[in-house]
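Coordinates in review
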Amino acid sequence: MGSLWRVAAGAHCFLSLLMLQSCWMIGAASQKPPVLMDSQQPQPEYGHSIRLDGDIILGGLFPVHARGERGVPCGELKKEKGIHRLEAMLFAIDLINKDPELLPNLTLGARILDTCSRDTYALEQSLTFVQALIERDGADARCANGDPPIFSKPDKVVGVIGASASSVSIMVANILRLFKIPQVSYASTAPELSDNTRYDFFSRVVPPDSYQAQAMLDIVTAMGWNYVSTLASEGNYGESGVEAFVQISRETGGVCIAQSLKVPREPRPGEFDKIVLRLLETPNARAVIMFANEDDIRRILDAAKRNNLTGHFLWVGSDSWGSKISPVVHQEDVAEGAITILPKRVSVEAFDRYFKSRSLSNNRRNVWFAEFWEENFGCKLGMHGKRPGSPRKCTGLEKVGRDSAYEQEGKVQFVMDAVYAMAHALHEMHRQLCAGAPGPCPRMANVDGKELLNHIRGVGFNGSAGSPVTFNENGDAPGRYDIFQYQINNGSTAEYKVIGHWTNQLHLDMEALQWAPGDASPPASVCSRPCRTGERKKVVKGVACCWHCERCEGYHYQSGEFACDLCPYEERPDRNRTGCQPIPIVRLEWASPWALLPVFLAVLGIVATTFVVVTFTRYNDTPIVRAAGREMSYVLLTGIFLCYVVTFPMIAAPDAVVCSFRRVFLGLGMCFSYAALLTKTNRIHRIFEQGKKAVTAPRFISPASQLVITFSLISVQLLGVLAWFAADPPHTFVDYGEQRTQDPENARGVLKCDISDLSLICSLGYSILLMVTCTVYAIKTRGVPETFNEAKPIGFTMYTTCIIWLAFIPIFFGTAQSAERMYIQTATLTVSLSLSASVSLGMLYMPKVYIIIFHPEQNVPKRKRSFKAIVTAATMTSKLSQLAAERPNGEAKTELCEGVEASVPPTKNTYVSYTNHAM
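All of these numbers come straight from a predicted model, not from anything done at the bench.

Cut-off values and rules
Residues numbered from 1 in each chain as written. Predicted model: local features only at pLDDT ≥ 70, side-chain atom pairs only at ≥ 80, totals over all residues. Heavy atoms only, no water. pLDDT = per-residue confidence, 0-100. Contact = heavy atoms within 4.5 Å. Disulfide = S-S within 2.5 Å. Helix = DSSP H or I, 4+ residues; strand = E, 2+ residues; numbered from the N terminus. Phe/Tyr/Trp six-rings, centres within 6.5 Å; stacked < 30°, edge-to-face > 60°. Lys NZ or Arg CZ within 6 Å of the ring centre and 35° of its normal. Buried < 20%, exposed > 50% of the residue type's maximum accessible area, 1.4 Å probe, protein only. Pairing = 2+ DSSP bridges.

Another point: the confidence of the model for the chain. Taken residue by residue, the chain gives an average pLDDT of 82. The fraction at 70 or more is 83%. Across residues 889-919 the pLDDT falls below 50, and counting only partners more than four positions away or on other chains, this stretch makes 44 contacts in the model.

Structure follows, in C-alpha cells:
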C-alpha cells in the first residue's frame, strides 16, 4: 500500500507540473500571432529535442549530456553514450521506414529528449510524452483580439525507447505507467525494474543486473578471490546492482564483502580520494566490484592514480564500464587488468557506415550534432559555437573515422533492438486491428498501451546482431554477456580483449588473461591465505572468508576444511594429517637391549641349574646329596629351572601357545621353589618344636610325606591356572594405550597376551604367599645351629628373595604410565625371577656342589644317631648360644656341660642331616 501511495502522490505532482507547463503554453499562444505556430518556424518547446514526423510517434530518452555541476542541469556532451545511441535510434527508424515488410505504408516518427544523465531532469522532460493524453480547458483563455486561442497539437507518443540509466528509467516508468505508455530500455539493468507489479509497462532488451551480478560473482570465484569490496554510484542502478551481488554471494557463499562504498550523486571535492583511501583500509580486498556510472568510474581511476595505487586494485566493472574508452582515457596504467562485463553484442557494420557518412549538411535533424562535431574534431563552428576557446574553426569537410577516432558504442545494438521490438509489436498489432490492410486505419488512431505491451512481451525475432530478442513475463531479456579484460600490449597499445562469455554459466579463457609482468596467475584478493594440509580454518566471527589456521594436533586429522576429527583408537594421523593410518604394532624383540640381560641371566641360570642337577644325579647316593634331601632338592631345582625358563615365553612373540605357557609357568616355577622350601622349613620347625616336648619324631617328616605336602601346595597353583584357562582362554590383543605418546609419530600398539596387572598379581600372589610363609619359618628356625641343618641358608635365601621382590613391586607398578612400560616390566619381572632362582641356587646348592667336586673328603658317611641324641645336641647348642650372650668367661659352657650325659663325647664339627637317624 505504501508503494502505491507513493506512486499516486508522485503522479499527482507530475500532473501538477504538466498543468503548469500547459498553462504557460496557453498564455504564450494568447500573446503571439498565429503565424508563429507554423511548423516551418523554430518552436520553443522543441529547442532541446529531436522531432521526426510520422504516422506513429516513438519517444526516446538518451543521455546526450553528462550531469551538470553547481546547479546546472546539463554538463559536457557524451559522444558515445549520447550521440551514438541517439543516432542508432534514428538509423533504426530509417531502416524500418524503408522496410516494405515491416509496418508497410506506415511511417515511424520520433520525439527524442536529452536526460542529461539526471533522473529529475529526465522526469521533467518526459512530461512531453503525456501532453497529448491530457485534455486542455481553454474556455477562460482569449487572444488579444478576443478570439479563442489556437493550441498546437502535441505529438501522441505510443511508446518510449529508453532510458539509459536505471535511476532515470525508474523515475520515468512511474509516470508512463499511469498513462499506459509502454517503455523499452536499451541499457537499464537494475534488478528493481524486474518487479512487474510496480513497473508493469517497463521492458528491456538487456538482461537485468541479477544476471550480471551472478556473472560477476562467477568471475570472482573463477579467479580464486573470496574477499572483495563493492563500489556503487548512488541511485537505482549502482545500489541495486551491488545489492544483487551481495545477496547472491551470501546465498552461494564463498565470497565475502570487505566494504560496500557509495559514490554520492553530488560528490564533494576530494570525495573520490577519500573513497580510494577507504578501500585501502582493507588491503587484502584488492578486487573491487564496481556498479558505477561512466563519470564515477573515470574519477575513481583518476583518484587511484593520484594516490600512487596503480596496480593495487583489481577492478571488476559492470556493463556501465563495458568496453568504453572514455573511462580509461589518460589512465590506462591504473585500469590495466580490469575485467569488465557487457551484454553480448556484436558491432553493427551497417551503423558504422551510416555514422561515418554523417555530416553537418546531411544530419540537420539531430540538433546536437553540431556540438558533437566541435567536440569530436576539436574545432569551432562560427561565432555561436560551443567551444569558444578552440584554436581553429571547423571546415565542415571533416569526416568521422578519418579525421577522428571512432569505435561503435557498446549499446548501439540494443538501441536498435529496442526500436525493432517496438516496431514488431506495432506490426503485429496493426495486422490484428487493421485486418492486414496497409497504411493507417481508424483502429490504430488511438493505440491501446496495454494491448501494445502484450504484443511487446510476445515478440521474438533476430536482432541487429543476429541474436534472438525475447522477453520473459517480467519484461527482461535473457542473460548473455561478453567478458573483457583491459590489456596493455607491447607496453603501449591498450585495448579491451574478449576473454570469455557468460550464458547461464561462465566460460572463461584463463590463458587469455594478462596481468602485470611476472604474474602468471591472477593476483590474490583473499582475506586469509589457504591453510596448509593438516590445518583447519577457524573462521573469524562475522567474516566467513577470514580465518586463522590451526593445526590438527595430537591424534586429530583434517576431516574437512573447518574440522579436525579424532582418528580411531587403533589409528594415528598420517604425515600430512589428511587421513588416518594404522598404528604400527611392536613387541619385545630378542635383539632389544631390554631382552639381552634377562636372556643372558636365564641362559646362565639354566646352565648352572643343569650343572647342579647333573652333579646331584651323579652323586645321588653320597652323604651330602642325601643330607640335602634328594627328593625335595630335585623339586626345588625344578622350580629354579622353571624360573629361568619362563624368561623365554615372556620375551617370545605373543600368540595363543606362548600366552598359554606364560600363564602356566609365570607362577609355577616360584610355586615349585617356595613350596619345597616351605615344606623344608616347616619340617625343621616341627622337628625342633617337637624335640622340646618329647623325644618322639613328629609326623609327616619322611621324604614321601614331604613330597605329598609339596605337590599339594603346587596343586593349588595348578588349579588356579586351570580355572583361569576355563574362565578366559588365552589370546593376544594389541594394547594401543601403553605407548600412546603425545606425538602420534611415536605411538605404537603393543602386541600382548591378555594378562592384566590383576591377573599377574593373582598368578604370583600365591607364590609370594608361600615365600612369605617360608620366610616366617626361616625366622623361627634361625636359632637352629648350622652344624646340624640348612635352616640358616634357607633363611638367608628368603631374606634376599624378599628384598628382591620388594624392589620389584615399585619398579614394576611405578612404570605403568611410561611409554617403555612393556619393556621395563617384562625385563623387571624376568630379572626378578632369575635373581630369585639364582639366590636359591647359589645359597642352597652351590656350597654343596663345591664340597662334592672340590672336597670329596668331606662327603663321607657318618654314624647314625638317634633322634633323641640329635635333638639333645641341638638343644644344648642352642642353650649354649643363649647363655654365652648372658655370661662371660666361659661360665655358661661350664654350667651347661655339667648337666650333659658323660656318654656324649665332644666331637669336631660334623655335617649332620636329619636323614642320618632312624625314624
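Take the state of the cysteines next. For the structure on display, the rule yields 9 disulfides. For cysteine 531, the disulfide goes to cysteine 549, at an S-S distance of 2.0 Å. Given an S-S torsion of about -90°, the disulfide between cysteine 531 and cysteine 549 has left-handed geometry. Pair noted here: cysteine 531 is in the loop between β18 (506-508) and β19 (535-540) and cysteine 549 is in strand β20 (residues 543-551), with a separation of 18 residues, a long-range link. The disulfide partner of cysteine 552 is cysteine 564, and the gap between their sulfur atoms is 1.8 Å. In this structure, the disulfide formed by cysteine 552 and cysteine 564 twists by about -65° around the S-S bond and is classed as left-handed. Taken as a pair, cysteine 552 in the loop between β20 and β21 (556-558) and cysteine 564 in strand β22 (residues 564-566) lie far apart in primary sequence, 12 residues in all.

Tallied over the entire structure, the rule returns 23 aromatic pairs. One aromatic cluster is present, built from ring pairs that chain together Phe91, Phe351, Tyr354, Phe355, Phe369, Phe372, Trp373, Phe377 and Tyr406. For lysine 537, the ring lying beneath its charged end belongs to tryptophan 547, and the centroid distance is 3.8 Å. The lysine or arginine in question, arginine 740, covers the ring of tyrosine 555, its NZ or CZ lying 3.9 Å from the ring centre.

This paragraph deals with the pairing of strand β13 (residues 339-343). Counting buried residues along β13, 5 of its 5 residues qualify, which places the element largely inside the surrounding structure. Burial of β13 is two-sided: the residues Ile339, Ile341 and Pro343 facing one way and the residues Thr340 and Leu342 facing the other way are all buried. As defined by bridge partners, strand β12 (residues 314-317) adjoins β13 across 2 bridges and the pair is classed as parallel. In the strand pairing of β13, valine 316 is matched with isoleucine 339.

With an omega dihedral of 0°, the bond running from glycine 162 to alanine 163 counts as a cis peptide bond. Structurally, alanine 163 is set in the loop between β6 (157-161) and α4 (166-176). Backbone geometry at asparagine 105 places phi at a positive 60°, although glycine is not the residue there. Structurally, asparagine 105 is set in the loop between α2 (79-98) and β5 (108-114). Judged by its relative accessible area of 57%, asparagine 105 falls in the exposed class. Even without being a glycine, asparagine 504 presents a positive backbone phi close to 70°. Mapped onto the secondary structure, asparagine 504 falls in the loop between β17 (493-502) and β18.

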